[in-house]
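Residue-level listing of the chains:
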Amino acid sequence: MGGKTVTKVAKSGLDKKTVLNFLHQMLLIRKFEDKAGELYARGKIAGFLHLYNGEEAVAVGAVSALQEHDLLITHYRDHGHAIAKGIDVKRCMAELLGKATGCVKGRGGSMHFFDMSLGMYGGWAIVAGHLPLAVGLGLASNALGKKQVTLCIFGDGATNIGYFHEALNLAKLWNVPVVFLCENNLYGMGTAVHRASAVTEMVRKADAYNIPAERVDGMDVLAVREATAKAVEHARRGDGPYFLEVLTYRFRGHSMADPILYRDKSEVDEWKQRDPIVSFRQKLEAEGLLSPQELEQIERETDELIAEAVRFAEESPDPPLTDLYEDIYADS
Amino acid sequence: MPMITYREALNQALREEMARDERVVVFGEDVVAYGGAYGVTSGLVQDFGDKRIMDTPIAEGVIGGAAVGAAMGGLRPVAELMTINFALLASDALINHAAKVHHMFGGQMSVPLVIRMVGGGGAQLASTHSQSLEAMFAHVPGLKVVTPATPADAKGLLKSAIRDDNPVLCIEHALLYRVRGEVPEGDFLVPLGKAEVKREGKDITFVAYSRMTLVALEAADRLSQEGIEAEVVDLRSLRPLDMETVLASVRKTNRAVTVEEAWRTYGIGAEVASRIQEEAFDYLDAPIQRVAGVEVPMPYAKNLEQAAIPDARRVVEAVKKLLVRTNV
Ligand SMILES: Cc1ncc(C[n+]2csc(CCOP(=O)(O)OP(=O)(O)O)c2C)c(N)n1
Ligand SMILES: [Mg+2]
């Protein structure tokens, strides 16, 4: 499997509150995704719906390494990232239902979550199209002396497009504070990595641009956190971009429309043995950091948040028709 | 008023806006030491340093995308894409991203950026380097497109574009850089989305933009000798499109000819003609004529290229054709 792991929670240097919050967030994302899938099946959510089940440790671990004013820019499989960056699940769910109270007023749907005030600079749905934007954000951070790091997340599929190479090259030339994080989940839609990429270790692609890189176990939230923290520190210090390849796996289809004909169920089952939430919970329990009562409380809280999000979304109004003509241009 | 070239006017606009606002940064291929493929950014690095003006690799995708990101990050980037033909490689960043940010993200964020590029033919650069693709970009809600024809408009429009909070494409013309004209010094702004009557007349309206404005003016001079007075409306901005000025003119002259270097089909002239008939049908004494580029990939050979680009003679012919039907 490969990728750096962190074996013990106690060795991570993180306090109990922080690690329990990781569990809370991962569970919240998992439950959000399961509920979204259910609402999609019931026809309440339309369009494309790309779920993040199995990859929760990446969003939670990586975003936890950011400071509040740091920026996150990501691809269309963005629910987990948005929730980790702090967008309220109510506004996320309302967006999926196309409601006026959604995080982008029902204009973007699943693939385009955004909240400027939280530094969640978008889900972007053109594969790799946001990598150049990250370079621009990094340029702005440097030019304005902000010491602000941009975390740019994308899939393995994004590494084969010109944009990827143009962005990494310029990121290095301009020495921008950007952490490029590739979620290598072994597939781009139904195409296995080795059928789409001549180099299957994404980490080697960073080498072509002289960008330091590391390969990390994406099923281990602590490993992701540790590697991202190091990468963010590197960028903030002024040492330029950093590249992380995070090995992960999506448990469900590419989108809700995916009949999953391209991989064996046994492969999925094998990865599910390494479920990032279950394994982290077990680790916490084994080290005496999570009591049955604490677990029960986290389960209950996350259940309630999701139930409340669904209620909020369903009770929210549709956008008014007058909204059709709003915000095409900014007033100068 | 000083007489300066179109190139100098653009350079002046950049210089003034960079001095006025520290957030204005310039980047693109060969903009620093080379001074820009057409010399527009010449000397800026000496005055503003290499943090305010930066070379990029030959990588239009990241130039377009970095401009969007830089604007999102709080700068006011002016990116140069060398030519509109290469803008095709940046069109994803412009159309899928720049044009969408403000609207799709719920009006939370705007992207104040300018993309400069040269368009048009006439320099014998053949089909991949002579195109007028402005209609493609002007088609897109969320983008603004300006096409200055004179040095004064070049300065005033570029300055306004830089101050605008939206993505603005400034499409310059390859054959205009050495054209001289009077340009007001200092803070001279031309509003975006405002056409200008460049010559008054009572008999017919020419609607043109970019270099074709000069061609239309030349045609108007020739017609004047025959007693026909043409009014020349220079659109200046293609989006927003100032139909008020066009319609006011057509209501006066009752006839219109559109003049564009770009291909006719699905073009700017088609749009303008359609809007005139929608909004001023009763004022028209004759069908609207379109003078446009010949619908072929641009050939290299001089005689063929000349035959493909509208000139004053073709505009005059279009007028004659139209007048035969209506007797002025
Ligand atoms: C430029 C572009 N081409 C094709 C698509 C259609 N598409 C959407 S997601 C996807 C697969 C991307 O895979 P990857 O980057 O590995 O991300 P993952 O879905 O595995 O998270 C494709 C082909 C697109 N959105 N953009
Ligand atoms: Mg993938």
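Okay, so let's go over this structure. One numbering rule holds for all chains: residues counted from 1, following each sequence as written. Chain labels run from A onward and ligand labels from 1 onward, assigned in the order the entries are written. This being a predicted model, a pLDDT of at least 70 is required before a residue's local features are given, and a value of 80 or more before pairs of side-chain atoms are given or counted; all residues contribute to the totals for chains, interfaces and linings. Excluded from the side-chain calculations are hydrogens and water; all other atoms, namely the structure's heavy atoms, are used.

Looking at the site of ligand 1
Residue and element names in this part refer to chain A.
- Any residue with at least one heavy atom within 4 Å of a molecule or strand is counted as near it. Taken together, 15 residues surround ligand 1, and among them Tyr76, Arg77, Gly157, Asn185 and Tyr187 come closest.
- N or O atoms closer than or at 3.5 Å make up a polar contact, with two conditions inside protein: a donor-capable atom paired with an acceptor-capable one, and, for residues adjacent in sequence, both atoms drawn from side chains. Between ligand 1 and the protein, one listed contact pairs a nitrogen atom with a backbone N or O atom of alanine 125 at 3.0 Å.
- Computed by Shrake-Rupley with a 1.4 Å probe, the accessible areas treat only the displayed protein chains as cover when residues are assessed. When ligand 1 sits alone it has 590 Å² of accessible area, and the protein chains cover 72% of it.
- Of the residues contributing to the shell around ligand 1, the split by class is 7 nonpolar, 6 polar and 2 charged. Under this grouping Gly is polar, as are all residues other than the nonpolar Ala, Val, Leu, Ile, Met, Phe, Trp, Tyr, Cys and Pro and the charged Asp, Glu, Lys and Arg.

Observations regarding empty space enclosed by the protein
All names here are of chain B.
- Cavity means a closed set of points on a 1 Å grid over the protein atoms alone, one where a 1.4 Å probe fits but cannot get out, pocket means an open set with protein on both sides within 12 Å along at least 5 of 7 lines, and lining means a residue has an atom within 4 Å of a point. Grid points are joined across faces, edges and corners, and a volume is the space filled by probe spheres set on the points. For the coordinates displayed, the defined rule picks out 5 cavities of 30 Å³ or more.
- One number sums up the size of the largest cavity: a volume of about 100 Å³.
- For the largest cavity, the full set of lining residues is Ser130, Gln131, Ser132, Glu261, Ala262, Trp263, Gly293, Val294, Val296, Met298, Ala308 and Ile309.
- Its residues assigned to classes, the lining of the largest cavity shows 7 nonpolar, 4 polar and 1 charged.
- Residue ranges assigned to each domain were obtained from an automatic or database domain assignment. Mapping the lining of the largest cavity onto the domain boundaries places at least three of its residues in each of domain 1 (3-182) and domain 2 (196-326).
- If you add up the space inside the second largest cavity, you get close to 80 Å³.
- If you trace the second largest cavity, you find 13 residues lining it, with Ser132, Glu134, His173, Tyr209 and Ser210 closest to the centre.
- Looking at the lining of the second largest cavity, the elements that each hand over two or more residues are strand 7 (167-173) and helix 9 (211-224). Labels follow the DSSP assignment, with helices taken as runs of H or I lasting at least four residues and strands as runs of E lasting at least two, numbered in each case from the N terminus.

Some thoughts on the sheet that holds strand 6 (residues 144-146) of chain B
Residues and elements named next belong to chain B.
- Should DSSP find at least two bridges between two strands, the strands are taken to pair. An order of 3-2-4-5-7-6-12 is seen for the 7 strands of this open sheet, with the pairing classed as mixed. Each end of this open sheet is capped by a strand with a single partner; those strands are strand 3 (53-56) and strand 12 (237-239). Taken pair by pair, the neighbouring strands of this sheet meet at an average axis angle of 20°, ignoring direction.
- The pairing of strand 4 (residues 76-83) with strand 5 (residues 113-119) spans 4 bridges and is parallel. The partner of threonine 83 across the bridge, within strand 5, is valine 118.
- Against the sheet, helix 3 (residues 60-72) contacts strand 2 (24-29), strand 3, strand 4 and strand 5, and its axis sits at roughly 165° relative to strand 4. Each axis is a line fitted through C-alpha atoms, taken for helices only over the stretch in contact, and angles between the N-to-C directions span 0 to 180 degrees. Note on definitions: a residue-residue contact is assigned when non-hydrogen atoms from the two residues lie within 4.5 Å.

Some points on the coordination of the magnesium ion (ligand 2)
Residues and elements named next belong to chain A.
- For Na, K and Ca the donor cut-off is 3.2 Å, and for all other metals it is 2.8 Å, counting N, O and S atoms only; because water is absent from this set, sites may look incomplete. Looking at the magnesium ion (ligand 2), one finds its protein donor set to be Asp156 (OD), Asn185 (OD1) and Tyr187 (O), positioned 2.0 to 2.2 Å from the metal centre.
- Mapping the donors of the magnesium ion (ligand 2) onto the primary sequence yields the spacing D-x28-N-x1-Y. You can see aspartate 156 sitting in the loop between strand 3 (150-155) and helix 6 (162-174) and its partner tyrosine 187 sitting in strand 5 (residues 187-188), a full 31 residues away along the chain.
- Taking the relative accessible area as the measure of exposure, tyrosine 187 reaches 8% and is therefore buried. Accessible area is worked out with a 1.4 Å probe on protein chains only. A residue is then buried under 20% of its type maximum, exposed over 50%, and partly exposed in between.

Let's talk about the nonpolar core
- Of all hydrophobic cores here, the largest spans 92 residues; its most connected members are Phe180 and Phe243 of chain A together with Phe27, Met72 and Ile276 of chain B.
- Examining the composition of this core, we find that 8 residues originate from one element, helix 3 of chain B, more than from any other.
- Apart from the residues within four sequence positions on either side, phenylalanine 180 of chain A is in contact with Leu131, Val135, Cys152, Phe154, Ala167, Leu168, Ala171, Pro241, Tyr242, Phe243 and Leu244 of chain A.
- Core analysis: the second largest hydrophobic core is formed by 66 residues, Leu51, Leu72, Ala94 and Ala231 of chain A among them. In this description, a nonpolar core means a group of buried Ala, Val, Leu, Ile, Met, Phe, Trp, Tyr and Cys residues linked to one another through side-chain atoms lying within 4.5 Å.

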